Each structure stands twice: as C-alpha cells, then as structure tokens.
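Spelled out from the first residue to the last, the chains are:
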Amino acid sequence: MSEPVGKRALVAGHGDFAAGLISAVEAVTGRGELLDPIVVKGLCGEDIQHLLRERIQAIGARVIFTDLQAGSCTMAARRLLREMPDVALVSGTNLPMLLDFVMSSADDAHEAARGAVERARAAISISGAPA
Amino acid sequence: MTLVLNRIDDRLIHGQVVVGWGQPLDVGFIVLVDDAVASSDWERELYRMGVPPEMDLRFHSAAEAAPLLDDYRLDPRPGILLTGDIATMRELVVHGGVREVNIGGIHHRAGRRQYLRYVFLTPQEQQDLRAVASLGALVTAQDVPAARAIPLEEMLANAEDV
C-alpha cells in the first residue's frame, strides 16, 4: 500500500514523548516515517522554535502534533504559526490520533489532522471507576 | 496564602510550571514578570492560551511588578511569581520580600556553560545569581517538585560533573 503524499508531520513534546508515540505508530501501522520526532531537552523556547522551523522546512510538514496545551513545544509552535500560516498545530496528541492521521485516506494533511482529532476524542474512555 | 514559588524559567509558561508545580501547589494565579511580554498583546494572549481557565494570569513589567508583590502576597490563593531571566528576578529581590528563588530552567545559548540538565549560565549570570543570594534570598535549582532542590553553590561547584 502506498503512503499518502504530503502528509508528513512533526511530533513534539516532553521527554521522549515523540519517539515513544512514533515507535508505537510504527509498530501498529509501519508508517512511523511519516512522523518526525522532535527532542527539545535542554533547549530554550527560541531554540525550540528554530528547530521546529528547520524540520518543517526540511520535510515539508504542514502539521505539528504536541502534547500539552501549555507545553513549551506548543508555545513555540504557536509562535511559528504566525510566520507559517500553512502549518496547523494540534495539541493534546495521543496514539489514536496519530494512527488515524497516518492511516487517513485524505491527501490533504490539514484534513487528515482534523479527522484525527475527532478520532482521538472519541477514543478516550474510562472503565471500572464508578462515580 | 502567598507567592509559594518565585521561579526563573526562560520558557515562562509551560508544562512544568502549569502542571508540574501548579497542580500540587493548587496554584490559583501566576504573576508573569517580563518587559517584552507585558508590552505585547500578542505575547500575552499566547501565554494566556497556555493556562487552564481557572488559573489567573497577570502580566507586569519588572518596574510595575515590584511594588505590587505585597498585594499579591495577600491574595488568599497560592501563586507563582515567574520571570524569564535572572536580571528581572534580581530586581524583584532587591525590592524586598522575595526570600526564596527557584531556578527552574535557563537553557542552552551561545556563551553559556552547563551546570545542570536544565541550567546553563554565562559567567555574568553566575555572578548575578550570587548577587541574588547575597541579598538574602535562598537560591536553589529544581525543575520539578519531585526533584531535589540543589543549593546554588553546590550547583556551581559541580559544573564539571554534568
């Protein structure tokens, strides 16, 4: 099966968040290479922004997936969006979201990201904890 | 309550501050002191998007903040005082009332040397931190609550080991 064109994305977050999630995406779908892991340990906000910009330009990504809304990667990505209006930012990323993104039949990365967000929301559940 | 954490962190609002410290300390407000952020609508909005709606976020320049700190200390909620650099925190310590300073994150930049995983300093910044300590503030480095608070001189002495 050929991989959708133009659907590269960055994954950025705390610790080894990106590498861990991408390894899981690879294990489930074999499409981990669509996602580029960003490691920001030891970097200030300005350097994170620089790194994100560099990777976006290098691989042609149009979506950045981050972990926390308040995370430094998210903040840096929000700054980047000002200068890169064709890039979308998704925070609160989880595994179902990334699986849906890489498996989406949508050719457009933004459309794939919107669908992935819906799937991710629907994939959260709790069992065995009666109120 | 009072200002329960006086933190220097060049990432300002981020996960460690909002979640790592904010949740266990039950923080109700953050006072972000930074001249550039305080003077920019866009920057203020950016940081506001990073905090949960129940957390109050106030922005001030260093000059504005100093005389307001006593009022913030009377707030019944626990609060965090946050600066992005040492110089700003030093100004607040000089004004008085800041007795403990947490170094939460000063990251890599040209001319800085590494002291901890999350602390890099120029020789001048090293001196500035010592100046803060000499004003009577207890200066320690601690990125998250579960980590040990490392005294300033211990951190500076151990630079070769990291």
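Computed from a predicted structure; not experimentally measured.

Student: Which residues make up the overall build of chain A, and what values do they have?
Tutor: A count of helical and extended segments in chain A gives five helices and four strands. Element order for chain A, N to C, with α for helix and β for strand: β-α-β-α-β-α-β-α-α. Relative to the compact-globule value of 14 Å for 131 residues, chain A shows a C-alpha radius of gyration of 14 Å, a close match. Counting only C-alpha atoms and orienting by the principal axes, one finds that chain A spans roughly 45 × 40 × 25 Å. By residue count, 50% of the 131 residues in chain A fall in the buried class.

Student: Describe the nonpolar core, listing the residues and the values that go with them.
Tutor: Counting residues in hydrophobic clusters, the biggest one holds 34 residues, and the most contacted among them are Leu81, Val101, Ile103, Val119, Leu121, Leu129 and Met155 of chain B. Among the elements that line this core, the one with the most residues is helix H4 (residues 62-73) of chain B, at five residues. Excluding anything up to four places from it in sequence, leucine 121 of chain B contacts Ile86, Ile106, Gly111, Arg112, Arg113, Tyr115, Gln126, Leu129, Met155 and Leu156 of chain B. Grouped together as the second largest cluster of nonpolar side chains are 23 residues, Leu21, Phe65, Met97 and Phe101 of chain A included.

Student: I'd like a rundown of the state of the cysteines, residues and numbers included.
Tutor: Residues and elements named next belong to chain A. Under the defined criterion, the tally for this structure stands at zero disulfides over all chains. Summary of cysteine pairing: cysteine 44 is not part of a disulfide, and the nearest cysteine sulfur, belonging to cysteine 73, is at 12 Å. Under the relative-accessibility criterion, cysteine 44 is labelled buried at 2%. Classification of cysteine 73 by relative accessible area gives buried; the value is 3%.

Student: Tell me about the interface of chain B and chain A, residues and numbers included.
Tutor: Each partner contributes residues to the interface: chain B has 18 residues there, and chain A has 18 residues. Summed over both sides, the interface of chain B with chain A buries roughly 1,400 Å², with 56% coming from carbon and sulfur. The largest contributions to the chain B side of the interface with chain A come from Arg11, Trp42 and Leu46 of chain B, which together make up 37% of the buried area. Our count for the chain B to chain A interface comes out at one salt bridge. Salt-bridge contacts for arginine 79 of chain A lead to glutamate 43 of chain B; the nearest nitrogen and oxygen are separated by 2.5 Å. Across the chain B-chain A interface, the total number found is seven residue pairs in polar contact (both at pLDDT 80 or more).

Student: Could you give an account of a negative patch on the surface, with specific residues and numbers?
Tutor: Residues and elements named next belong to chain B. Taken together, Asp35, Glu64, Asp85 and Glu91 make up a surface patch of like negative charges. Tracing the backbone shows aspartate 35 in helix H2 (residues 35-38). By relative accessible area, aspartate 35 is classed as partly exposed at 49%.

Student: Talk me through the sheet that holds strand S3 (residues 56-60) of chain B; I want residue IDs and the actual numbers.
Tutor: Residue and element names in this part refer to chain B. The mixed open sheet is built from seven strands, whose spatial order is S3-S2-S4-S1-S5-S8-S9. Each edge of the sheet is formed by a strand with only one pairing partner; in this case those strands are S3 and strand S9 (150-151). Of the strand pairs in this sheet, strand S2 (residues 29-33) and strand S4 (residues 79-83) are connected by five bridges, and their pairing is parallel. Directly across from leucine 32, in S4, lies its bridge partner leucine 82. Running over the sheet, helix H5 (residues 86-95) touches strand S1 (3-9), S2, S4 and strand S5 (100-105) and is turned about 125° from S4.

Student: Give me the layout of surface pockets: which residues, what numbers.
Tutor: Reported here for the largest pocket is a volume of approximately 500 Å³. Considering the residues around the largest pocket, the lining is formed by 27 residues, among which Glu46 of chain A together with Asp10, Leu12, Tyr47 and Arg109 of chain B are closest to the centre. Secondary-structure elements contributing two or more residues to the lining of the largest pocket are helix H2 (45-59) and helix H3 (72-83) of chain A together with H2, helix H3 (41-48), H5 and helix H6 (123-134) of chain B. Looking at the lining of the largest pocket element by element, the count peaks at four residues for H3 of chain A. Taken together, the residues of the lining of the largest pocket break down into twelve nonpolar, four polar and eleven charged.

What counts, and where the lines are drawn
- Residues numbered from 1 in each chain as written.
- Chains lettered and ligands numbered in written order.
- Predicted model: local features only at pLDDT ≥ 70, side-chain atom pairs only at ≥ 80, totals over all residues.
- Heavy atoms only, no water.
- Helix = DSSP H or I, 4+ residues; strand = E, 2+ residues; numbered from the N terminus.
- Rg over C-alpha atoms; globule rule 2.2 N^0.38 Å.
- Buried < 20%, exposed > 50% of the residue type's maximum accessible area, 1.4 Å probe, protein only.
- Core = buried A, V, L, I, M, F, W, Y, C linked by side-chain atoms within 4.5 Å.
- Contact = heavy atoms within 4.5 Å.
- Disulfide = S-S within 2.5 Å.
- Buried area = accessible area lost by both parts, 1.4 Å probe.
- Salt bridge = Lys/Arg side-chain N within 4 Å of Asp/Glu carboxyl O.
- Polar contact = N/O pair within 3.5 Å; in protein donor to acceptor, adjacent residues only side chain to side chain.
- Patch = residues over 30% accessible without salt bridge, like charges linked within 9 Å, V, L, I, M, F, W, Y side chains within 5 Å.
- Areas by Shrake-Rupley, 256 points an atom, 1.4 Å probe, with all protein chains shown as cover.
- Lys, Arg positive; Asp, Glu negative; His and termini not counted.
- Charge placed at Lys NZ, Arg CZ, Asp CG, Glu CD.
- Pairing = 2+ DSSP bridges.
- Axes fitted to C-alpha atoms, helices over the stretch in contact; angles between N-to-C directions.
- 1 Å grid on protein atoms, 1.4 Å probe; cavity = no way out; pocket = protein on both sides within 12 Å on 5 of 7 lines; lining within 4 Å.
- Points joined across faces, edges and corners; volume = space filled by probe spheres on them.
- Nonpolar A, V, L, I, M, F, W, Y, C, P; charged D, E, K, R; others polar.

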